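Chain and residue survey
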Amino acid sequence: MNENEISEMIELAMQARTKAYEPYSNFQVGACVKMENGSYYTGCNIENASYGATNCAERTAVFKAVSEGCRKLSAIAIVGGLKDGECDYTYPCGICRQVIAEFAEQGCVIVVAKNKQEYRMYSVEELLPETFHLNKEE
Ligand code: THU
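The protein is annotated in an unreviewed UniProt entry as Cytidine deaminase of Coprococcus hominis. Listed in UniProt under the heading Cofactor (unreviewed entry), the comment for the protein reads: "Zn(2+)". Checking UniProt for the protein, the heading Sequence similarities (unreviewed entry) contains the comment "Belongs to the cytidine and deoxycytidylate deaminase family."

Here you go:
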């Protein structure tokens, strides 16, 4: 992942964030995943009157990729902040960390960004140490 690729993913996440459905929290999140085959999928948070039915931006993006047959995650970029405000560092929630871990390939990078210039990079292990896995075939 070079700087241009990271910048591109942050831009795509920012665009996805504009589609957020967040009538209850006013908090808009966008995510962009890059898959092993080079394809990108984006997602936003989608809230629900029954709060627990809300889907985070990260899971929207990952589930879009997996449902299209892409299962190996090379990187994910995340941006978030209050509607009409600037983005602040927005870290994936616990459920999203577990979902990212499920599909992350070795070396998968998690980019948490305020903007294209200010971002932090993490490994999956840093954000979810001692990850729970069942024994998978591969
Ligand atoms: N949210 C995300 O989309 N991703 C995160 O990593 C944290 C939280 C959403 C869920 C909800 O719509 C709003 O942000 C406030 O929690």
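After that view of the structure, there is still more to cover.
Right, let's talk about a nonpolar patch on the surface for a bit. On the surface, Tyr21, Tyr24, Ile46 and Tyr51 cluster together into a nonpolar patch covering about 460 Å² of accessible area. Tracing the sequence through the fold places Tyr51 in the loop between strand S2 (40-44) and helix H2 (57-67).

With that settled, the discussion passes to the environment of Glu125. Secondary-structure assignment places Glu125 in helix H4 (residues 124-127). Once the C-alpha coordinates of Glu125 and Cys108 are considered, the two residues, 17 residues apart in sequence, prove to be 9.5 Å apart.

Sites flagged by UniProt as "binding site: Zn(2+)" (unreviewed entry) map to Cys56, Cys93 and Cys96. A maximum C-alpha distance of 8.3 Å places the annotated residues, which cover 41 residues in sequence, within one compact spot. Among the structural elements, Cys56 can be located in the loop between S2 and H2. Not counting the four nearest positions on each side in its chain, Cys56 is found in contact with Cys44, Asn45, Cys93 and Cys96. Structurally, Cys93 can be placed in the loop between strand S3 (73-82) and helix H3 (94-103). Residue classification places Cys93 among the partly exposed residues on the basis of a relative accessible area of 30%. Contacts of Cys93, omitting those with residues within four sequence positions, involve Cys56, Glu58 and Arg59.

What counts, and at which threshold
- Residues numbered from 1 in each chain as written.
- Predicted model: local features only at pLDDT ≥ 70, side-chain atom pairs only at ≥ 80, totals over all residues.
- Heavy atoms only, no water.
- UniProt positions renumbered as here; feature names shortened; annotations may be inferred.
- Patch = residues over 30% accessible without salt bridge, like charges linked within 9 Å, V, L, I, M, F, W, Y side chains within 5 Å.
- Areas by Shrake-Rupley, 256 points an atom, 1.4 Å probe, with all protein chains shown as cover.
- Salt bridge = Lys/Arg side-chain N within 4 Å of Asp/Glu carboxyl O.
- Helix = DSSP H or I, 4+ residues; strand = E, 2+ residues; numbered from the N terminus.
- Contact = heavy atoms within 4.5 Å.
- Buried < 20%, exposed > 50% of the residue type's maximum accessible area, 1.4 Å probe, protein only.

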